[in-house]
Amino acid sequence: DYHESVRLQIREFEFHPDTPDPVLELYMKEVKDLLNVALNSLPPRSRQIFIMSRFQGLKNTEIANQLNISVRTVESQLYQALKHIKKHLKDYFPLIGLLFNLQ
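Residues numbered from 1 in each chain as written. Predicted model: local features only at pLDDT ≥ 70, side-chain atom pairs only at ≥ 80, totals over all residues. Heavy atoms only, no water.

Remarks on the pattern of salt bridges
Under the convention used in this document: For salt bridges, the criterion is a side-chain nitrogen of Lys or Arg within 4 Å of an Asp or Glu carboxyl oxygen. Labels follow the DSSP assignment, with helices taken as runs of H or I lasting at least four residues and strands as runs of E lasting at least two, numbered in each case from the N terminus. Per-residue accessibility, obtained with a 1.4 Å probe over protein chains only, is compared with the maximum for each type, and a residue is labelled buried under 20%, exposed over 50%, and partly exposed between these values.
Tallied over the full model, the rule gives two salt bridges. With a closest N to O distance of 2.8 Å, Lys29 and Asp33 form a salt bridge. Here Lys29 and its partner Asp33 are both found in helix H2 (residues 22-40), four residues apart, which amounts to about one turn of the helix. With its nearest N and O atoms 3.9 Å apart, the salt bridge here joins Glu75 to Arg72. Of the two residues, Glu75 and Arg72 both sit in helix H5 (residues 71-88), three residues apart, roughly one turn of that helix. Glu75 sits in the partly exposed class, given a relative accessible area of 35%. On the accessibility criterion, Arg72 (58% relative accessible area) is exposed.

Structural data, given as structure tokens:
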């Protein structure tokens, strides 16, 4: 299956990071573009929380403190954002999940 083939390519790439793989690079560009479209279609607050969590590595309590909202609101917004992204990227999700820890 195609996704398993990509997973194997990623594992190989991890073991040989100095070896460029044009197919994987093209796939990664496509995935990043689709992820950006999905992120940009989120409500601003959800997008901000998702970026703080997944790209900046902040904990839910840190996000809540910075935005002056409850931890429960952060959790709820993250859940909604993940649901939205999964819906828009369902064909690519196995790879995206590995890359961005979206499970």
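Next comes the rest of the write-up.
A short note on the packing of aromatic side chains
Rules: The rule is short: rings of Phe, Tyr and Trp, with Trp giving its six-membered ring, pair when the centres are within 6.5 Å, and they are stacked under 30 degrees, edge-to-face over 60, tilted in between.
One pass over the structure, following the stated rule, counts one aromatic pair. Both rings, one in Phe50 and one in Phe55, keep their centres 5.8 Å apart while their planes meet at 80°; by these two values the pair is edge-to-face. Phe50 gets classed as buried once you look at its relative accessible area, which sits at 1%.

Describing the environment of Gln77
Selection criterion: Whether two residues are in contact is decided by their heavy atoms, any of which lying within 4.5 Å being enough.
Take Gln77: it is sitting in helix H5. For Gln77, a relative accessible area of 21% gives the class partly exposed. Considered as a pair, Gln77 and Ile49 are 28 residues apart in the sequence and their alpha carbons are 7.1 Å apart. Once residues lying within four places of it in the same chain are set aside, the contact partners of Gln77 are Arg45, Ser46 and Ile49.

No statement about biological role is implied by the geometric values presented.
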